[in-house]
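Commentary on secondary and tertiary structure
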Amino acid sequence: MTVELEDRAAIHDLFTRYCCALDNGEVETVVACFTEDAALQSPVIDLKGHDEICAFAGRFAAQRAAGTQFRHMVTNIAVTIDGDRATATAYLLVLISQNGSHRTLPPGRYECELIKQNGNWLFSRRTVFHDHEYTLEGIGKPS
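Now for a look at the structure at hand.

Conventions used here
- Residues numbered from 1 in each chain as written.
- Predicted model: local features only at pLDDT ≥ 70, side-chain atom pairs only at ≥ 80, totals over all residues.
- Heavy atoms only, no water.
- Helix = DSSP H or I, 4+ residues; strand = E, 2+ residues; numbered from the N terminus.
- Rg over C-alpha atoms; globule rule 2.2 N^0.38 Å.
- Buried < 20%, exposed > 50% of the residue type's maximum accessible area, 1.4 Å probe, protein only.
- Contact = heavy atoms within 4.5 Å.
- Areas by Shrake-Rupley, 256 points an atom, 1.4 Å probe, with all protein chains shown as cover.
- Polar contact = N/O pair within 3.5 Å; in protein donor to acceptor, adjacent residues only side chain to side chain.
- Core = buried A, V, L, I, M, F, W, Y, C linked by side-chain atoms within 4.5 Å.
- Pairing = 2+ DSSP bridges.
- Expected span 1.5 Å × (residues − 1).
- Salt bridge = Lys/Arg side-chain N within 4 Å of Asp/Glu carboxyl O.

This part covers the overall build of the protein chain. Check the secondary structure of the protein chain and you find three helices and seven strands. Its C-alpha radius of gyration of 15 Å places the protein chain within 12% of the 15 Å reference for a compact globule of 143 residues. With respect to the three principal axes, the spread of C-alpha positions in the protein chain is 45 × 30 × 25 Å. When burial is assessed residue by residue, the protein chain has 42% of its 143 residues classed as buried. Within the protein chain, counting contacts between residues at least 6 apart in sequence, those at least 24 apart form 55% of the total. Accessible surface, the protein chain: about 7,800 Å² in total, of which carbon and sulfur atoms supply 49%.

This is the structure:
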């Protein structure tokens, strides 16, 4: 396998690892997907660095422990690699199961910047866009 194909496969795996870890309440795995100074933004969060990302992932883990199951589904991952840097976009659909029913968040997309550090691809910036506004209790920064 060529280096570019290996890098593309690693980036695709990073998207999957992040989504599954977030859905499963695996806080350390979520944090390990990001550079130390990474930015993570969505309509309900604006985070910078491992500590804030850890707290965010902890809120997802608490929701899961309380019986809410998130399922982040990512498709159409498009990657552009330039040495040890890359950009990637992907479509996003989030299902939320709670109390015997489910709902979806508005469809959206990820726009990401990535850096390869010590042989591993990590998100340095991850921005989430959704097609329209929504509310998501318990996930944004606590007031």
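The next point concerns the side chain of His50. Along the chain, the position of His50 falls in helix H3 (residues 49-65). Among the polar contacts listed, one links the side chain of His50 to the backbone oxygen of Val31, at a separation of 3.4 Å. Once you skip the residues sitting within four places of it in the chain, His50 turns out to touch Val31, Phe34, Thr35 and Glu36.

Moving on to the nonpolar core. Proteins that are soluble and globular tend to have nonpolar side chains buried together. Among the nonpolar cores identified, the biggest contains 39 residues, and Tyr18, Phe34, Phe56, Leu114 and Phe123 are the most heavily contacted of them. Considering every element that reaches this core, the biggest residue donor is helix H1 (residues 3-24), with seven residues. Among residues more than four places away in sequence, those in contact with Phe123 are Leu14, Phe15, Tyr18, Cys33, Phe34, Thr35, Ala38, Cys112, Glu113 and Leu114.

One face of the sheet, then the other: side chains in a regular strand alternate in exactly this way. Taking every second residue as pointing to the same face, the buried face of strand S2 (residues 45-48) carries Ile45 and Leu47, while none of Asp46 and Lys48 on the other face is buried. Relative to S2, strand S1 (residues 34-42) runs antiparallel, the two being bridged by four bridges. Its bridge partner being in S2, Gln41 is matched across the sheet by Asp46. What sits between the antiparallel neighbours S1 and S2 is a turn of two residues.

What follows covers H1. Taking 1.5 Å of rise per residue, 22 residues should cover 32 Å, and H1 covers 31 Å from first to last C-alpha, within 8% of that figure. Within the span of H1, buried status applies to Asp7, Ile11, Leu14, Phe15, Tyr18, Cys19, Ala21, Leu22 and Asp23. Within two residues after H1, Gly25 carries a phi angle of roughly 75°, on the positive side.

A complete count under the given rule lists four salt bridges for this structure. In this structure, Arg17 and Asp13 form a salt bridge, with 2.3 Å as the shortest nitrogen-oxygen distance. In this pair, Arg17 and Asp13 are both assigned in helix H1, four residues apart and thus about one turn of the helix distant. Here Arg109 ties to Glu111 by a salt bridge, and the two come within 2.9 Å at their closest N and O atoms. For Arg109, a relative accessible area of 34% gives the class partly exposed.

Function cannot be inferred from these measures alone, as they are strictly geometric.
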